Structures are given as C-alpha cells and as structure tokens.
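Descriptive analysis of the structure
If you want the building blocks of each chain, they are given just below.
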Amino acid sequence: MTQAKSGDTVSIHYTGTLLDGTKFDSSEGRDPLEFEVGSGHIIPGLDTAIPGMAVGDKKTVTVPCTEAYGPINPQMRQAVPREGIPDDIPLDIGTSLNVETPEGQAMQVMIVAVDDATVTIDANHALAGQDLVFDIEIMSIK
C-alpha cells in the first residue's frame, strides 16, 4: 500500500482540539483538506505526522505550540490611545478587528483589554501558545 511522503498531495479529514478537548476546527461536513506534504502549507507539527501513513490510516497527533502557531509573542500586543479609535468600533474584549500596519498591510487583531485611556490589541494568532491535538485520517494520496 502506498505511503505518503514529502512531495505527495494528500487529502485528510481532521478534527483539531485543545488539550482540554475544546474543538477549534474540523473538516467534518466539508471536503477533506488537500495539501502537498512538506510544502509548509500547514502547521509543521501536523505536516511531519503525515509521511508513512497510507489511505485509511487514522492517527491522533499532539502538536506543541512551537510546531503549531508558536508561543505568544508579547511584542504583538500593543496599547493604543482610545481616542484614536473611531466611535463606531465596538470595544468589547474578544472583538476581532482588521487593521492596517504602517506599511499598508492588513492584519487581524483582537481586543484583549480596555480601560479609560487605552485599548490593548493582540496580533498573535488566536491559537498561539496552545498545544494542539489533531485526529486525522488519510483519504487520498496523489
């Protein structure tokens, strides 16, 4: 039976959970995720779990944050003056905002703290600092 190797295009069904069992993503009810093994298109810890698997194989993989979305980077948090934010922008903790960097690039941030003078935004990926668990099944290898 053919085993997946670097350079192969595979499709997988997956469910991603946090260590406490909270589901953050799944291909359930959707087409399988298709990608080239070793291409860097998915997180490294999941990519390295695929070689050696065959169609129909199932595996549970625990991916440390360093092989997923990285540790939380404190430099990605910034307090901005409240008066610099338009009045029509909701300032609820947990609200995601699209902002533009000084270089003109779009970036998604989340509001993590609000006080009378400042709003603290966080540009870390929502799963940064989290170890992740994936249940995967190989659906095809090309």
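**Quick look at the nonpolar core**
- Among the nonpolar cores identified, the biggest contains 22 residues, and Val10, Ile12, Ile50, Phe134 and Ile136 are the most heavily contacted of them.
- Breaking this core down by element, the ones donating at least two residues are β1 (9–18), β4 (58–63) and β9 (132–141).
- With five residues, the top contributor of residues to this core is β9.
- Those residues in contact with valine 10, other than ones at most four positions away along the chain, are Ala4, Leu33, Glu34, Phe35, Val37, Ile50, Ser140 and Ile141.

**Digging into the environment of alanine 117**
- Secondary-structure assignment places alanine 117 in the loop between β7 (106–114) and β8 (118–122).
- Judged by relative accessible area, alanine 117 falls into the partly exposed class, the value being 47%.
- The residues touching alanine 117, leaving out its near neighbours within four places in the chain, are Val80, Pro81, Arg82 and Glu83.

**Some remarks on the sheet that holds β7**
- Spatially, four strands are ordered β5-β8-β7-β6 in an open sheet, and the strand pairing comes out antiparallel. Taken across any chain shown, the strands that pair with only one partner, and hence form the sheet edges, are β5 (77–81) and β6 (96–100). When strand polarity is set aside, the average angle formed by the axes of neighbouring strands in this sheet is 45 degrees.
- Summarising the sheet, β5 and β8 pair through five bridges and their orientation is antiparallel. Following the sheet pairing, proline 81 is matched in β8 by threonine 118.

**A few points about the packing of aromatic side chains**
- Tallying each qualifying case throughout the model produces one aromatic pair.
- Relative to phenylalanine 134, the ring of phenylalanine 24 lies with its centre 5.7 Å away and its plane at 90 degrees, an arrangement referred to as edge-to-face. With phenylalanine 24 in strand β2 (residues 23–26) and phenylalanine 134 in strand β9, this pair connects stretches of sequence that are 110 residues apart.
- Judged by relative accessible area, phenylalanine 24 falls into the partly exposed class, the value being 28%.

Rules and cut-offs
- Residues numbered from 1 in each chain as written.
- Predicted model: local features only at pLDDT ≥ 70, side-chain atom pairs only at ≥ 80, totals over all residues.
- Heavy atoms only, no water.
- Core = buried A, V, L, I, M, F, W, Y, C linked by side-chain atoms within 4.5 Å.
- Buried < 20%, exposed > 50% of the residue type's maximum accessible area, 1.4 Å probe, protein only.
- Helix = DSSP H or I, 4+ residues; strand = E, 2+ residues; numbered from the N terminus.
- Contact = heavy atoms within 4.5 Å.
- Pairing = 2+ DSSP bridges.
- Axes fitted to C-alpha atoms, helices over the stretch in contact; angles between N-to-C directions.
- Phe/Tyr/Trp six-rings, centres within 6.5 Å; stacked < 30°, edge-to-face > 60°.

Without other data, these values stay purely geometric and don't point to any function.
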